[in-house]
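A look at the structure
Each chain, letter by letter, is given below.
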4 protein chains.
Amino acid sequence: MYGYALDKEDMEARLTRIEGQVRGLRRMVNEDKYCIDILTQLNAVSAALNAVGIGLLDDHVRHCVRDSIKRGEGDAKIEELVATVARFVGR
Amino acid sequence: MYGYALDKEDMEARLTRIEGQVRGLRRMVNEDKYCIDILTQLNAVSAALNAVGIGLLDDHVRHCVRDSIKRGEGDAKIEELVATVARFVGR
Amino acid sequence: MYGYALDKEDMEARLTRIEGQVRGLRRMVNEDKYCIDILTQLNAVSAALNAVGIGLLDDHVRHCVRDSIKRGEGDAKIEELVATVARFVGR
Amino acid sequence: MYGYALDKEDMEARLTRIEGQVRGLRRMVNEDKYCIDILTQLNAVSAALNAVGIGLLDDHVRHCVRDSIKRGEGDAKIEELVATVARFVGR
């Protein structure tokens, strides 16, 4: 494996960590921590979540999209993929 | 209150919900749900997290930054605020 | 054609329009227009640019990536694609 | 000056450069350059545009918002500022 690829175990481990980070954010809000410190931490959680998203995307293209294309049925999968990236990018 | 403002209780409630959503994401990965469905859900979590970020920012400007400016000491706070927004925007 | 697909002529027309919008932004700065109005316009330009990006991505997946996969050489193209999306998403 | 601050001349110079970069993008599309190369360049333009946006925001907070707060009339300006950042962040 390389680059942005994440195996299933890896993704679950990351999501478990993100869950803990969100709990940490709530605690920071509850304890009236300094806003900027909470925002810095929130930014880190957001980046971690995006990394999982990219991992999922990688997995999806590498298996699902590739297989459809090989069967000559790629069109719908490609359209769905691009629409998903578009939403991800905020369009 | 209006617009993007969130009180403390509201933020904690949202973060509790986000924590549950992240747990849901992990379950979806574990159960090999369709990638695009997981990504759609991940996008929703990301948006919910950003909304909390905007609420924190609103609170920060409305209190911390405003008070510093009123005391004639706004410079450092403004610089910190802009740097935080810049990181948020991914610069 | 559908959804996010843009043909070459369409992309060039959009980029011509974006070029004009950027020129408009410079004029707004030069004429000391209200910052928030300039930012609103800048946001629109940014969104227009992203839409072209999504169009390019669509075109790329639909032709270049698909063809490589069909020739059984998709790996490098997929890796490059995911890396590009990752940079686009700001990771 | 420091960090994210840009003076007016600086912003105009950057926007002139961005205008040229958009023209370059159009040429790349017209000459059928490799999609990924165009996307990489588009990403750079987008980042350059965001940097101008952050400069405008900095200027706005440092003058317009600060002055309103000093006059005891900050509320509307703060609300407008946060709404603008929220749109910038894609919320």
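Scoring rules and cut-offs
Residues numbered from 1 in each chain as written. Chains lettered and ligands numbered in written order. Predicted model: local features only at pLDDT ≥ 70, side-chain atom pairs only at ≥ 80, totals over all residues. Heavy atoms only, no water. Least-squares fit on C-alpha atoms with pLDDT ≥ 70 in both. Contact = heavy atoms within 4.5 Å. 1 Å grid on protein atoms, 1.4 Å probe; cavity = no way out; pocket = protein on both sides within 12 Å on 5 of 7 lines; lining within 4 Å. Points joined across faces, edges and corners; volume = space filled by probe spheres on them. Helix = DSSP H or I, 4+ residues; strand = E, 2+ residues; numbered from the N terminus. Buried < 20%, exposed > 50% of the residue type's maximum accessible area, 1.4 Å probe, protein only. Salt bridge = Lys/Arg side-chain N within 4 Å of Asp/Glu carboxyl O. Polar contact = N/O pair within 3.5 Å; in protein donor to acceptor, adjacent residues only side chain to side chain. Buried area = accessible area lost by both parts, 1.4 Å probe. Nonpolar A, V, L, I, M, F, W, Y, C, P; charged D, E, K, R; others polar.

**Side note on the relation of the copies chain B and chain A**
- Rotating chain B by 180° about the axis while translating it 0.0 Å along that axis superimposes it on chain A, leaving an RMSD of 0.0 Å. The symmetry that links the two subunits is that of a two-fold axis. Identified as the residue of chain B closest to the rotation axis by C-alpha distance is Glu 19 of chain B, at 2.7 Å.
- Both copies contact each other with a shared surface, as 100% of the interface residues of chain B are interface residues in chain A too.

**Things to note about empty space enclosed by the protein**
- Inspection of every chain in the model, using the stated rule, returns 3 cavities of 30 Å³ or more.
- Its volume calculated, the largest cavity comes out at about 50 Å³.
- Lining the largest cavity are Leu 57, Val 61, Leu 81, Val 82 and Val 85 of chain A together with Leu 57, Val 61, Leu 81 and Val 85 of chain C.
- At 3 residues, the largest contribution of residues to the lining of the largest cavity is made by helix α3 (residues 74-88) of chain A.
- A volume near 40 Å³ is recorded for the second largest cavity.

**Quick notes on the side chain of Ser 68 of chain C**
Residue and element names in this part refer to chain C.
- When you line up the elements, Ser 68 lands in helix α2 (residues 35-70).
- On the basis of relative accessible area, Ser 68 is assigned to the buried category, the value being 3%.
- The residues contacting Ser 68, other than those within four sequence positions of it, are Glu 73, Gly 74 and Lys 77.

**Structural notes on the side chain of His 60 of chain A**
- Tracing the backbone through its elements, the reader meets His 60 of chain A in helix α2 (residues 35-70).
- Judged by relative accessible area, His 60 of chain A falls into the buried class, the value being 1%.
- Those residues in contact with His 60 of chain A that lie beyond four places of it in its chain are Val 65, Glu 80 and Leu 81 of chain A together with Tyr 34, Cys 35 and Ile 36 of chain B.

**Some words on the interface of chain A and chain C**
- Facing the 25 residues of chain A at the interface are 25 residues of chain C.
- For the pair chain A and chain C, the number of links is 3 salt bridges.
- Among the ionic pairs, Asp 75 of chain A bridges to Arg 66 of chain C, the shortest N-O distance being 2.7 Å.
- Where chain A meets chain C, there are 2 residue pairs in polar contact (both at pLDDT 80 or more).

**As for the interface of chain B and chain A**
- Counting residues at the interface gives 38 residues for chain B, matched by 38 residues for chain A.
- At the boundary of chain B with chain A, total buried surface from both sides reaches about 3600 Å², with 67% on carbon and sulfur atoms.
- Contact with chain A buries area across many residues of chain B, yet Glu 19, Arg 26 and Leu 39 of chain B alone supply 16% of it, more than any other trio.
- Inspection of the chain B/chain A interface yields 6 salt bridges.
- Measuring nitrogen to oxygen at the nearest pair gives 3.2 Å for the salt bridge that ties Asp 32 of chain A to Lys 8 of chain B.
- Across the contact surface, chain B and chain A share 18 residue pairs in polar contact (both at pLDDT 80 or more).
- Where the side of chain B that touches chain A is concerned, the elements lending two or more residues are α1 (8-30), α2 (35-70) and α3 (74-88) of chain B.
- In terms of residue class, the side of chain B that touches chain A is made up of 19 nonpolar, 9 polar and 10 charged.

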